[in-house]
Amino acid sequence: MRKMLAAVSRVLSGAAQKPANRVLVASRNFANDATFEIKKCDLHRLEEGPPVTTVLTREDGLKYYRMMQTVRRMELKADQLYKQKIIRGFCHLCDGQRCVLYCFMLSSLTQEACCVGLEAGINPTDHLITAYRAHGFTFTRGLSVREILAELTGRKGGCAKGKGGSMHMYAKNFYGGNGIVGAQVPLGAGIALACKYNGKDEVCLTLYGDGAANQGQIFEAYNMAALWKLPCIFICENNRYGMGTSVERAAASTDYFKRGDFIPGLRVDGMDILCVREATRFAAAYCRSGKGPILMELQTYRYHGHSMSDPGVSYRTREEIQEVRSKSDPIMLLKDRMVNSNLASVEELKEIDVEVRKEIEDAAQFATADPEPPLEELGYHIYSSDPPFEVRGANQWIKFKSVS
């Protein structure tokens, strides 16, 4: 009996101490900012590059951490919804750099540091265009998780009214989400041309992968952008493997930051949000100065196989994958920096994790309960501001009305 009473006393004593512990954490004095060393970028046709030290404020650190966790949790939820057959068709994910689902499920890299770091280095008025793995960029450009997940499930509350799906999401100054490999690069050069033509102090970030880097249209876009000195930042996300083929087997030159030849370039640690942010600020300043385009290569990694049928270890070792996971995960890298520099506590970051999980669950509930768009709205929103007109359906007897 005495042992039981002693055990109960210990439990009650621990319960009584918990609020005091929370008060202690809440009243803890954190540093306002901290200075970190970051990896030096490799340079091409540049005399100097981004700084090798940078300052991270507590406010920015917490914001970046929340955004990166949101992107990862959102993509994990999309993965789950796809496996439950609630998301159908094409769906390309970006947790890690990115998970991919392509008709069947394609899998995962570490893009959180890329999309959040790039956004941190530009202005909201700047422009961004990418390929079909666009969910993270859609979020960082300002759309909500609810709108993104609802678009993936084909619901009316989606950012494209449920008619765009994974590859066709758009936001203000964000142009998708493009389904043809490499085709977004000339479009990005065109957006940069519009920035220069209209005399705006804006730049366009034009993203593509190492697999698209051998496309001829990319080199045509390089040439035109250089001739006209367009404010375009060409960004190659190099995850080292295109499907099951390593970059060494697919490209005669794997120095993607030098591929512009006459265009200056820099190679950046794409797993470090602070490296990405500083390199983006540097590149944006270069373009705004009127010097023309610049090329960035973001070195990142794919955690999983290319598809559900791909174990991901037939062309690389498990040890290689585990080493990257344990040493270079972008969220863990930011978390360790913040905790070790007294910018945040482990408990505070755990609270953010809980809040993010709740936000994702609420968004998923909405994305599965919201109604699908009715068939009669199939032809809506072809144009942004035109009077209603009829659209022919699958045959001449089927007509749909198009409303802007």
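Named according to an unreviewed UniProt entry, the protein is Pyruvate dehydrogenase E1 component subunit alpha originating from Carlito syrichta. We quote the UniProt Function (unreviewed entry) comment for the protein here in full: "The pyruvate dehydrogenase complex catalyzes the overall conversion of pyruvate to acetyl-CoA and CO(2), and thereby links the glycolytic pathway to the tricarboxylic cycle." What UniProt records for the protein under Subcellular location (unreviewed entry) is the sentence "Mitochondrion matrix".

A. Molecular detail of the pairing of strand β13 (residues 389–392). Pairing analysis gives 4 bridges linking β13 to strand β14 (residues 399–402), with the strands arranged antiparallel. Along β14, the bridge assignment pairs Glu 390 with Lys 401. Connecting the antiparallel pair β13 and β14 is a turn made up of 6 residues.

B. Representation of the side chain of Thr 280 within the structure. If you trace the backbone, Thr 280 turns up in helix α9 (residues 273–288). Judged by its relative accessible area of 1%, Thr 280 is buried. Discounting chain neighbours no more than four positions away, the residues touching Thr 280 are Gly 117, Leu 118, Gly 121, Ile 122, Leu 205 and Met 296.

C. Representation of the pairing of strand β11 (residues 265–269) in the model. Counted residue by residue, β11 has 4 buried out of 5 residues, so it is predominantly covered. The pairing of strand β2 (residues 42–44) with β11 spans 3 bridges and is classified as antiparallel. Residue pairing for β11: His 44 is matched across the bridge by Gly 265. Following the backbone out of β11, through α9 and into the adjacent parallel strand β12 (residues 294–299), one traces a crossover that is right-handed.

D. Region of the structure containing the packing of aromatic side chains. Taken as a whole, this structure holds 3 aromatic pairs when the rule is applied. On the basis of an interplanar angle of 80° and a centroid distance of 5.4 Å, the ring pair of Phe 219 and Tyr 222 is categorised as edge-to-face. Residue Phe 219 and its partner Tyr 222 are both found in helix α7 (residues 216–227); the two are separated by 3 residues, about one turn of the helix. Overall, the relative accessible area of 33% leaves Phe 219 in the partly exposed class. Ring geometry for Tyr 222 and Phe 234: centres 5.1 Å apart, planes at 75°, overall edge-to-face. With Tyr 222 in helix α7 and Phe 234 in strand β8 (residues 232–238), the pair connects residues that are 12 residues apart, well separated along the chain. One exposure class covers both Tyr 222 and Phe 234, and it is buried. Here the aromatic cluster, defined as three or more aromatic residues joined through ring pairs, consists of Phe 219, Tyr 222 and Phe 234.

E. Spatial organisation of the pattern of salt bridges. All told, the structure shown has 15 salt bridges when counted by the stated rule. For Glu 355, the salt bridge identified is with Arg 66, shortest N-O distance 2.6 Å. Of the two residues, Glu 355 is situated in helix α12 (residues 346–369) and Arg 66 in helix α2 (residues 58–83); the sequence distance between them amounts to 289 residues. Overall, Glu 355 belongs to the partly exposed group, its relative accessible area being 42%. Linking Glu 112 and Arg 72 is a salt bridge whose minimum nitrogen-to-oxygen distance equals 2.8 Å. One end of the pair, Glu 112, is in helix α3 (residues 112–120); the other, Arg 72, is in helix α2, and 40 residues separate them in sequence. Grouping residues by exposure puts Glu 112 and Arg 72 together as buried.

F. Representation of the side chain of Ser 246 in the model. Structurally, the position occupied by Ser 246 is in strand β10 (residues 245–246). Judged by relative accessible area, Ser 246 falls into the buried class, the value being 15%.

G. Geometry of the nonpolar core. One finds Ile 233 and Met 296 to be the most contacted residues of the largest nonpolar core, which totals 70 residues. Those residues in contact with Met 296, other than ones at most four positions away along the chain, are Leu 118, Ile 233, Phe 234, Ile 235, Cys 236, Leu 266, Val 268, Ala 279, Thr 280 and Ala 283. Grouped together as the second largest cluster of nonpolar side chains are 22 residues, Tyr 208, Tyr 222, Ala 225 and Leu 230 included.

H. Here's a closer look at a nonpolar patch on the surface. A cluster of nonpolar residues, Leu 193, Met 224, Leu 227 and Trp 228, forms a patch on the protein surface that exposes about 400 Å² of accessible area. Its place among the elements puts Met 224 in helix α7.

I. How the structure looks around unusual backbone geometry. One non-glycine residue, Lys 85, lies in the positive phi region at around 65°. Position of Lys 85 among the secondary structure elements: in the loop between α2 and β4 (91–92). Lys 85 gets classed as exposed once you look at its relative accessible area, which sits at 58%. Its identity as a non-glycine residue notwithstanding, Lys 229 has a phi of 50°, on the positive side.

J. Representation of α7 in the model. Relative to the 16 Å expected for 12 residues at 1.5 Å per residue, α7 spans 17 Å between its end C-alpha atoms, a close match to the ideal helical length. Every buried residue belonging to α7 is among Ile 218, Ala 221, Tyr 222 and Ala 225, and all of these are buried. All buried residues of α7 fall inside an arc of 105° around its axis, so they share one side. Exposed positions of α7 whose direction lies more than 90 degrees from the buried face are Glu 220 and Leu 227. On its buried face, α7 sits against α6 (184–197), β7 (204–209), β8 and β12. Where α7 ends, the next residue or the one after it, Lys 229, has phi of about 50°, a positive value.

Rules used throughout
- Residues numbered from 1 in each chain as written.
- Predicted model: local features only at pLDDT ≥ 70, side-chain atom pairs only at ≥ 80, totals over all residues.
- Heavy atoms only, no water.
- UniProt positions renumbered as here; feature names shortened; annotations may be inferred.
- Pairing = 2+ DSSP bridges.
- Helix = DSSP H or I, 4+ residues; strand = E, 2+ residues; numbered from the N terminus.
- Buried < 20%, exposed > 50% of the residue type's maximum accessible area, 1.4 Å probe, protein only.
- Contact = heavy atoms within 4.5 Å.
- Right-handed = clockwise from strand over helix to strand, strands pointing away.
- Phe/Tyr/Trp six-rings, centres within 6.5 Å; stacked < 30°, edge-to-face > 60°.
- Salt bridge = Lys/Arg side-chain N within 4 Å of Asp/Glu carboxyl O.
- Core = buried A, V, L, I, M, F, W, Y, C linked by side-chain atoms within 4.5 Å.
- Patch = residues over 30% accessible without salt bridge, like charges linked within 9 Å, V, L, I, M, F, W, Y side chains within 5 Å.
- Areas by Shrake-Rupley, 256 points an atom, 1.4 Å probe, with all protein chains shown as cover.
- Expected span 1.5 Å × (residues − 1).
- Arc of directions from axis to C-beta.

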